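Chain by chain, the residues run as shown.
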Amino acid sequence: MEYNYLIVFITAIFVNNIVLSQFLGICPFLGVSNKVSTSLGMGAAVIFVITLATIVTWLVQRYLLVPFGIEFMQTIAFILVIAALVQMVEIILKKISPSLYAALGVFLPLITTNCCVLGLAILVIQKDYDLIQGTFYALSNAIGFALALVIFAGIREQTAMMEVPKGLKGAPISLITAGILAMAFMGFAGIV
């Protein structure tokens, strides 16, 4: 069976978007999407962590868990790897961009518990991808997450400047917007 990278890329970003169709990563999607600048930083951090976590967890699965017959430790091992990677990203961001580090605030450590990071690592193993295919799949999904996050942040910035009925201010209008955005992304289903 041939692995078509273009179809995987388009499908992961638009059709089966990890946050809009699979509902993984909702917490940072709703929590960090108040400003586009913060969303860009969070999106970049998530892309980096997901890609690196997928590579490391694939290697851990293939060369540690399977040979020793301890596949049942997969979730715990993957969480430990992801936590270590997020800690590394935190240290790097604190040195390179203190303003972005401050803007991300509590949501940066939450990447550790972002279910799309762990979910993608597990999906790559379940789909039995090799390292290159799995990394590409995870990177494509991470780009889709970042794109949805930035688009949603842009819409929320515009919504904040509009007059919204009192009963819809805050979370209600955000959830309605997220639903409409999810439906818009579903429109790409006919392309692939």
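Residues numbered from 1 in each chain as written. Predicted model: local features only at pLDDT ≥ 70, side-chain atom pairs only at ≥ 80, totals over all residues. Heavy atoms only, no water.

Peer 1: Mind showing me how you'd approach helix 1 (residues 5-15) here?
Peer 2: An α-helix turns once per 3.6 residues; consequently, residues spaced three or four apart project the same way. Listed in full, the buried residues belonging to helix 1 are Val8, Thr11, Ala12, Ile13 and Val15. On the buried face of helix 1, the contacting elements are helix 7 (131-160) and helix 8 (171-186). Its side-chain oxygen 3.2 Å from the backbone nitrogen of Leu6, Asn4 forms the N-cap of helix 1. (Buried < 20%, exposed > 50% of the residue type's maximum accessible area, 1.4 Å probe, protein only. Helix = DSSP H or I, 4+ residues; strand = E, 2+ residues; numbered from the N terminus. Contact = heavy atoms within 4.5 Å. Polar contact = N/O pair within 3.5 Å; in protein donor to acceptor, adjacent residues only side chain to side chain.)

Peer 1: Mind showing me how you'd approach the nonpolar core here?
Peer 2: One broad trend across soluble globular proteins is that nonpolar side chains are buried collectively. Counting residues in each nonpolar core, the largest one holds 48 residues, and the members touching the most others are Leu20, Phe29, Ile50, Phe78, Ile111, Val117 and Tyr137. Going through the elements one at a time, helix 3 (36-65), helix 4 (74-96), helix 6 (115-126), helix 7 and helix 8 are the ones with two or more residues in this core. Val117 has contacts with Val49, Ile50, Ala53, Ile82 and Ile111, leaving out every residue within four places of it along the chain. (Core = buried A, V, L, I, M, F, W, Y, C linked by side-chain atoms within 4.5 Å.)

Peer 1: Where do I start with the packing of aromatic side chains in this structure?
Peer 2: In the structure shown here, the tally under the stated rule is eight aromatic pairs. Residues Phe9 and Phe136 carry aromatic rings whose centres are separated by 6.1 Å and whose planes lie at 35° to one another, so their mutual orientation is tilted. Of this pair, Phe9 sits in helix 1 while Phe136 sits in helix 7, and the two are 127 residues apart along the sequence. With relative accessibility at 30%, the residue Phe9 sits in the partly exposed group. Relative to Tyr137, the ring of Tyr129 lies with its centre 5.3 Å away and its plane at 55°, an arrangement referred to as tilted. Take Tyr129 and Tyr137: they sit in the same class, and that class is buried. Taken together, the aromatic side chains of Tyr5, Phe9 and Phe136 make up a single cluster linked through ring pairs. (Phe/Tyr/Trp six-rings, centres within 6.5 Å; stacked < 30°, edge-to-face > 60°.)

Peer 1: Please clarify how the packing of helix 4 against helix 6 should be interpreted in this entry.
Peer 2: Helix packing geometry: the angle between the two helix axes and the distance between the axes. At a minimum axis separation of 10 Å, helix 4 and helix 6 run at an interaxial angle of 130°. Taken together, the axes of helix 4 and helix 6 are oblique relative to one another. For the pair helix 4 and helix 6, the crossing hand works out as right-handed. Residues Gln74, Thr75, Phe78, Ile79 and Ile82 of helix 4 lie in contact with helix 6, whose contacting residues are Val117, Leu118, Ala121, Ile122 and Ile125. (Axes fitted to C-alpha atoms, helices over the stretch in contact; angles between N-to-C directions. Parallel < 35°, antiparallel > 145°, perpendicular 65-115°, else oblique. Left-handed = near helix turned anticlockwise from the far one by under 90°.)

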